[in-house]
Amino acid sequence: MTSTLILLYLEISELEDVTILHISLDMLIADFLSINIIVDELEDNYFGDKIMAKSNSFFNIYMLVLSLLKVSDCYGYELVKKIKEVSNNTLDIKEGTLYPVVHNLLKKEYISSRDEIVNKKVRVYYHIEPIGRDYLEKTITDFRKNIKGVFDIIEYGEVEKNE
């Protein structure tokens, strides 16, 4: 007897001037950041220059990785540790989530890599490139605008509640 378990369902709807991607994903196998990675991959590989609205344009893990690499070159596990440490343990990104992000950053040429031998083991260090710095600055600007919008809404709700 064979059983089938559907973990991912994709449907693409083509409307007049808009392409809509519907994703149904078994949440037992995915987390929030993984979904963003999947959407980024689909956007890059299947939609080319078409602009696809992302369900989450607010949080961008690329921004975290590039911000750390702006300070110093790091290897993968070091990035995982630094994200947790610098965020005071509020962000805990697993290596399985980080490495696809690093792969995408390499593919987009936002970062480069170099191998170093440390304790007789090869360690891959990542370095932010000028195009990555440009992308980071734009992403930070967008993120700050989004955060301001969130705080404006919270403040509005608090003012209305107190009146």
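Residues numbered from 1 in each chain as written. Predicted model: local features only at pLDDT ≥ 70, side-chain atom pairs only at ≥ 80, totals over all residues. Heavy atoms only, no water.

Visitor: Where do I start with the overall build of the chain in this structure?
Guide: When helices and strands are tallied, the chain shows five helices and five strands. Here the chain holds 163 residues, and 29% of them are scored as buried. The long-range share in the chain, meaning contacts at least 24 apart out of those at least 6 apart in sequence, stands at 46%. Carbon and sulfur atoms make up 56% of the accessible area of the chain, which totals about 11600 Å². (Helix = DSSP H or I, 4+ residues; strand = E, 2+ residues; numbered from the N terminus. Buried < 20%, exposed > 50% of the residue type's maximum accessible area, 1.4 Å probe, protein only. Contact = heavy atoms within 4.5 Å. Areas by Shrake-Rupley, 256 points an atom, 1.4 Å probe, with all protein chains shown as cover.)

Visitor: Even after reading the chapter, I still don't get the pairing of strand β5 (residues 121-128), so can you show me in this structure?
Guide: Look at any regular strand and the pattern is simple: side chains alternate between the two faces of the sheet. Pairing analysis gives two bridges linking strand β3 (residues 74-75) to β5, with the strands arranged antiparallel. Looking at β5, one finds that C74 is bridged to Y126. Where strand β4 (residues 111-118) lies against β5, eight bridges are found, and the strand directions are antiparallel. Note on β5: the bridge partner recorded for S113 is Y126. (Pairing = 2+ DSSP bridges.)

Visitor: I'm lost on the environment of Y125 in this one. Help?
Guide: Structurally, the position occupied by Y125 is in strand β5. For Y125, a relative accessible area of 13% corresponds to the buried category. In the structure, Y125 is positioned 47 residues away from E78 in sequence and 9.4 Å away in space, judged by C-alpha atoms. In this structure, Y125 is in contact with D73, C74, Y75, E78, S112, S113, R114, E116 and V118, ignoring residues within four places of it in sequence.

Visitor: Is there a simple way to think about the layout of surface pockets in this case?
Guide: Taking a probe equal in size to a water molecule and rolling it over the atoms shows the remaining empty space. Counted as a void, the second largest pocket has a volume near 220 Å³. Taken together, 11 residues form the lining of the second largest pocket, with M63, L64, S67, V86 and L91 sitting closest to its centre. For the lining of the second largest pocket, the secondary structure elements donating two or more residues are α2 (61-71) and α3 (76-86). Counting residues per element, the lining of the second largest pocket draws most heavily on α2, which supplies four residues. Residue composition of the lining of the second largest pocket, grouped by class: eight nonpolar, two polar and one charged. (1 Å grid on protein atoms, 1.4 Å probe; cavity = no way out; pocket = protein on both sides within 12 Å on 5 of 7 lines; lining within 4 Å. Points joined across faces, edges and corners; volume = space filled by probe spheres on them. Nonpolar A, V, L, I, M, F, W, Y, C, P; charged D, E, K, R; others polar.)

Visitor: Sorry, what's going on with helix α4 (residues 95-107) here?
Guide: Within an α-helix, residues lying three or four positions from one another point in the same direction, as the helix has 3.6 residues per turn. Compared with an ideal rise of 1.5 Å per residue, which puts 13 residues at 18 Å, α4 spans 18 Å between its outermost C-alpha atoms and is within 8% of the ideal. Looking at the residues trailing α4, positive phi occurs at E109, about 65°. (Expected span 1.5 Å × (residues − 1).)

Visitor: Would you take a moment to explain the packing of aromatic side chains for this structure?
Guide: Where two aromatic rings form a pair, the distance of their centres and the angle of their planes describe that pair. Across all of its chains, the model carries three aromatic pairs by this definition. Between the aromatic rings of Y75 and Y125, the centroid separation amounts to 5.5 Å while the plane-to-plane angle is 80°, which identifies the pairing as edge-to-face. Highlighted residues: Y75 in strand β3 and Y125 in strand β5, separated in sequence by 50 residues. Grouped by ring-pair contacts, the aromatic residues Y62, Y110 and Y135 constitute a single cluster. For R123, the ring lying beneath its charged end belongs to Y75, and the centroid distance is 3.9 Å. (Phe/Tyr/Trp six-rings, centres within 6.5 Å; stacked < 30°, edge-to-face > 60°. Lys NZ or Arg CZ within 6 Å of the ring centre and 35° of its normal.)

Visitor: Looking at this structure, how should I read a nonpolar patch on the surface?
Guide: Judged by side-chain polarity, V150, F151 and I154 come together as a nonpolar surface patch covering roughly 270 Å² of accessible area. Looking at where F151 falls in the secondary structure, it is placed in helix α5 (residues 130-162). (Patch = residues over 30% accessible without salt bridge, like charges linked within 9 Å, V, L, I, M, F, W, Y side chains within 5 Å. Salt bridge = Lys/Arg side-chain N within 4 Å of Asp/Glu carboxyl O.)

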